[in-house]
Amino acid sequence: MMFDNTIITNKPASPALDFKPKSHGYIPRGLTFAAVIIIIIMLVIILGNIVYNGAGTISWEFLSHPPENGMESGGIFPAIFGTVFLVILMVIAVVPVGVMTALYLYEYTDPSSKITRIIRVAINNLAGVPSIVFGLFGLGFFISFIGNGMDSIFFESEGPVWGQPAIIWAALTLALLTLPVVIVSTEEALRTIPRELREASYALGGTKLQTIARVIIPQAMPGILTGSILAVSRGAGEVAPIMFTGAAYYLPYLPSKLNDQFMEMGYHIFVMATQSPDVEATKPILFGTVLVLLLLTFLLNFVAIFIRSSMRRKRVNV
Amino acid sequence: MDTKKDILKESKISDLKIPNYKMMVLKQNFWYGNNHVLHDISIDVPENKVTALIGPSGCGKSTFLRTLNRMNESIPNTRMDGTVKLDDIDIYKDFKDSSKIRTRIGMVFQRSNPFPKSIFDNVAYGLRVNGIKDKAIIAEVVEESLQQAALWDEVKDILEKSAYSLSGGQQQRLCIARALAVRPEVILMDEPASALDPLSTSRIEDLIGELKKKYTIVIVTHNMQQAARISDYTAFFFQGDLIEYGLTKEMFTRPKKKKTEDYITGRFG
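Residues numbered from 1 in each chain as written. Chains lettered and ligands numbered in written order. Predicted model: local features only at pLDDT ≥ 70, side-chain atom pairs only at ≥ 80, totals over all residues.

Visitor: Before we move on, could you go through the overall build of chain A and cite the residues and values that matter?
Guide: Secondary structure assignment for chain A yields twelve helices and two strands. For chain A, the succession of helices and strands along the chain, N to C, is α-α-α-β-β-α-α-α-α-α-α-α-α-α. Relative to the globule expectation of 20 Å for 318 residues, the C-alpha radius of gyration of chain A, 26 Å, shows a markedly less compact shape. Contacts in chain A between residues far apart in sequence, at least 24 positions, make up 74% of those at least 6 positions apart. (Helix = DSSP H or I, 4+ residues; strand = E, 2+ residues; numbered from the N terminus. Rg over C-alpha atoms; globule rule 2.2 N^0.38 Å. Contact = placed C-beta atoms within 7 Å.)

Right, here's the structure in full:
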């Protein structure tokens, strides 16, 4: 059958037979191609617009100075600093918890059991929760419940110390948001480790904990790193979760303590686009900030891919 | 089936007199979920001898091997009853922590499974997880183990290279060296040469002949000639039953059971 068809279509001798399959092929092929073209055009417009309008703004001054004149001039250094600080705190919170959750799900329970599957469904659903909901949760749980609770126990007389928006609460809220990314990519990595390697360790008298620490985690490291970096690039761009939990409109100082507020790039973009006194005048800076944020996210994704591939190579060659 | 009664009579109690047994299995049953895969197995494993477990695929011989050092416990939904003893220790009841029994009863697997570490670190792994930190001792044991596994001359200059840079046969000998490094008394081997070429296979077989002077060896093999060449005792498993257990010489020349004869002569399997 297959042979018959190829012979017929390759021979222009019978045009009637030759015509039919081609006309059927054109429409779906054309439609799918059009879809691709639309997406590429959109992407080019978005990126092109940002680069065209933003590239001129970026300079060392822009990256290293605070905003001035109601954000109409100056730079975005506090926002960059705040973003980096925020993301570091988030990583410190999310990576250990995410990795340990994945280890529990894959190493300590039967991965095919009902409870494990229910937990996994819950994690996947966590990934689908709108980020604004995380923001409200952070406000309600971290600030009102934990923060105020800490204040009423330790700092009764001093007024709010922890029970107010702060970088630590914003980082923890983002950590919750990005937790599924770390869990899923760690679990993927654990799944690729052959059973033989675990058994080799057990057969030499290794305990479960030793096997995890000495064989499994080193093997899963590329996956864990990839997950962490993807979490960072996801977290760095989120605005909704930090709006209520710690991001500030403008701050004359840089955050230095865990309960300081902070400026952040995504939120800064939102502020400049909607809240600044003269939106038109802030446009060049707005585009510049968007471009910096995009470059940072691309860079992080690129680093994730690079680490993953180079560690994979290293594992084979050492 | 009447076979079960026969097994008990023949294997350990009457016919076969094993003067120095190292391990003893008594009335062992094993289940995967509801699937009853080993039926009332009783066997004595003689010290400093090679005992081969033969039988068609799925007969339970690999499962049986894994119960001898509690490796079966890493598989979920399994259950065992009966007794497995090493000397006079019940390895299931007297050891709370199953990992410790495996330093006395080591294992080599069908597919060589070195860690993605250096050759040295592979052999040193068992020492390190058992709390040995002294570098001089580790270096000494690594060399000795590699020598015992007949691999030292090939790797002594590349100890820091990845274990994956070795050939398949060398990797399997590395896995044997790794098992020897923790100084086990018994070594379980699950078809250790089935994935190797004939030359590497014969090196492993020679090595087994050497090792039995110091260790008790239990080996699962699909290869009847291999069982005949290297083992002193042979146990024939069929569909979860131990059909016959005896001196290899006798079993391969005068099998007592029709089924054993059929299998050995290649009528099925």
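Visitor: Help me get a handle on the overall build of chain B, residues and values and all.
Guide: Within chain B, the secondary structure is distributed over eleven helices and ten strands. Seen through its principal axes, chain B has C-alpha atoms that stretch 55 × 40 × 35 Å. Within chain B, counting contacts between residues at least 6 apart in sequence, those at least 24 apart form 70% of the total.

Visitor: An account of the domain arrangement of chain A is needed here, citing residue identities and associated values.
Guide: Residue and element names in this part refer to chain A. Partitioning chain A into domains gives domain 1 (2-54) and domain 2 (78-317). The gap between the C-alpha centroids of domain 1 and domain 2 is 41 Å. Of the residues lining the interface, four residues belong to domain 1; the matching set on domain 2 comes to five residues. (Domains from an automatic or database assignment.)

Visitor: Before we move on, can you summarise the confidence of the model for chain B with the specific residues and values?
Guide: All names here are of chain B. Scored by pLDDT, chain B has a mean of 88; 92% of the residues are at 70 or more. Counting interchain partners and residues more than four positions distant, the pLDDT-below-50 stretch residues 1-14 has 24 contacts. Among the scores for the predicted complex, ipTM is 0.86 and pTM is 0.79. (pLDDT = per-residue confidence, 0-100.)

Visitor: Describe in detail the interface of chain A and chain B, supporting the description with residues and values.
Guide: Chain A puts 19 residues into the contact, and the matching count from chain B is 23 residues. Elements with a minimum of two residues in the side of chain A that touches chain B: α8 (195-203), α9 (208-236) and α12 (279-317) of chain A. Broken down by element, the side of chain A that touches chain B gets its largest block of residues, six residues, from α8(A). When its residues are assigned to classes, the side of chain A that touches chain B shows eight nonpolar, six polar and five charged. (Nonpolar A, V, L, I, M, F, W, Y, C, P; charged D, E, K, R; others polar.)

Visitor: Explain the packing of α8(A) against α9(A) residue by residue, including any values.
Guide: All names here are of chain A. At a minimum axis separation of 10 Å, α8 and α9 run at an interaxial angle of 150°. In terms of orientation, α8 lies roughly antiparallel with respect to α9. The handedness of the crossing between α8 and α9 is right-handed. For the pair formed by α8 and α9, the contact residues are L197, R198, S201 and Y202 on the first element and Q210, T211, V215 and Q219 on the second. A breakdown of the residues in the contact of α8 with α9 according to their chemical character gives three nonpolar, four polar and one charged. (Axes fitted to C-alpha atoms, helices over the stretch in contact; angles between N-to-C directions. Parallel < 35°, antiparallel > 145°, perpendicular 65-115°, else oblique. Left-handed = near helix turned anticlockwise from the far one by under 90°.)

Visitor: Hey, could you go over the sheet that holds strand β1 (residues 21-32) of chain B for me, with residue numbers and the actual values?
Guide: All names here are of chain B. With antiparallel pairing, the four strands of this open sheet are ordered in space as β2-β1-β4-β5. Only two strands of the sheet have a single partner each, and these edge strands are β2 (35-46) and β5 (89-90). In this structure, strand β4 (residues 78-86) lies alongside β5, joined through two bridges in antiparallel fashion. Within β5, the residue paired with L86 across the bridge is I89. (Pairing = 2+ DSSP bridges.)

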